[in-house]
Amino acid sequence: MNAMSNANARSGAHTQQQGDIVIKGEGVGKTFGNGSVVALEGADFEIKRGEFVSLVGPSGCGKSTLLRMVAGLIERSSGKLAVHGDTVKGPRSDVGLMFQRATLLEWRTALDNVLLPTELSRKLTSADYDHAEELLAMVGLQDFTFTFPSQLSGGMQQRVALARLLKTGADILLLDEPFGALDEFTREHLNLELMRIVADVGATTLFVTHNIGEAIFLADKVMVMTPRPGRLARIVDVPFERPRTAELQLTPEFNALVAEVRAVLGDH
Ligand SMILES: Nc1ncnc2c1ncn2[C@@H]1O[C@H](COP(=O)(O)OP(=O)(O)O)[C@@H](O)[C@H]1O
Ligand SMILES: [Mg+2]
């Protein structure tokens, strides 16, 4: 099988799996300060197995708040929220989070950072070491297994954080501007790799960004949020085939979709 038909077979499998609803929100809302700050109001959405969904909107519109509620890190104020049909009541092992900062332990090598969550939950086996090395190779760090964080660039540190996330076995990935602190070139490159990796592991992904182009480029659908109060204004389907290349962003179809999302944001 050549690379192309391989990719097609994978995207075919990807589509077939997309029956089950993995994350479902109905009227999800959040207020802070005894109701004085409405961070998010009445969000309705469904995310299916294997889907890559972007959550885009300006700073302060409630993206992180929604993500943290899905993660079970903060309680919602109103509405229903379920993961695999179970009401979200707290963190769960199949849901993993990644933030703008990698928060690696400086005194542990890349490998030992990837192994940390497993080590905290049980005794490590040689299979864990093999798996962690495989994951480091998957994120392109096969030559940096024994390197300490201070010797890694910001982009490489985020790669370690991604490998660490995958080592937990989570197949629902909640990524809050994971490459937001990196320069544009590194970010673009990591976005391409992220698409490959989540397709390879068959993860369901909710990806937060304030960059419209990035949101569309990565996603099967884009949840567009507007501020004051934070509201899910529109869910836009992204029809472009996979695998995608950076050149997609130069096409009129892509730019028409960027304009559509921008119009939703501009209306508010
Ligand atoms: N712990 C908190 N206490 C009070 N207000 C908060 C808290 N967290 C978020 N907010 C407010 O909720 C709104 C949405 O915040 P956030 O979800 O962080 O937005 P985004 O991630 O889209 O930038 C903002 O007005 C923010 O100030
Ligand atoms: Mg945020």
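A quick note: this is a predicted structure, and the numbers were derived from the prediction, not measured.

All right, on to the overall build of the protein then. In terms of regular secondary structure, the protein is built from eight helices and 10 strands. A globule of 268 residues ought to have a C-alpha radius of gyration of about 18 Å, and the protein, at 19 Å, matches this closely. Projected onto its principal axes, the C-alpha positions of the protein cover 50 × 45 × 35 Å. The buried share among the 268 residues of the protein stands at 37%. Sequence-distant contacts, at least 24 apart, represent 72% of the contacts inside the protein between residues at least 6 apart.

A few words now on the site of ligand 1. Around ligand 1 sit 13 residues, and of these Phe32, Ala39, Lys63, Ser64 and Thr65 come closest. Those elements giving two or more residues to the shell around ligand 1 turn out to be strand 2 (37-48) and helix 2 (63-70). The greatest single-element share of the shell around ligand 1, amounting to three residues, is contributed by helix 2. When its residues are assigned to classes, the shell around ligand 1 shows four nonpolar, eight polar and one charged.

Once that is clear, we can look at unusual backbone geometry. Look at the link from Arg228 to Pro229: it is a cis peptide, with omega at -15°. Mapping Pro229 onto the fold places it in the loop between strand 9 (221-226) and strand 10 (231-237). In this structure, Pro243 follows Arg242 across a cis peptide bond, with omega equal to -5°. Along the polypeptide, Pro243 turns up in the loop between strand 10 and helix 8 (252-266). At His84, a residue that is not glycine, the phi angle is positive and equals roughly 50°. Locating His84 in the fold gives a position in the loop between strand 4 (78-83) and strand 5 (86-87). Assessed through the 15 C-beta atoms surrounding it within 10 Å, His84 is described here as partly exposed.

About the thresholds
- Residues numbered from 1 in each chain as written.
- Chains lettered and ligands numbered in written order.
- Predicted model: local features only at pLDDT ≥ 70, side-chain atom pairs only at ≥ 80, totals over all residues.
- Helix = DSSP H or I, 4+ residues; strand = E, 2+ residues; numbered from the N terminus.
- Rg over C-alpha atoms; globule rule 2.2 N^0.38 Å.
- Buried ≥ 20, exposed ≤ 12 C-beta atoms within 10 Å, placed from the backbone.
- Contact = placed C-beta atoms within 7 Å.
- Near = placed C-beta within 6 Å.
- Nonpolar A, V, L, I, M, F, W, Y, C, P; charged D, E, K, R; others polar.

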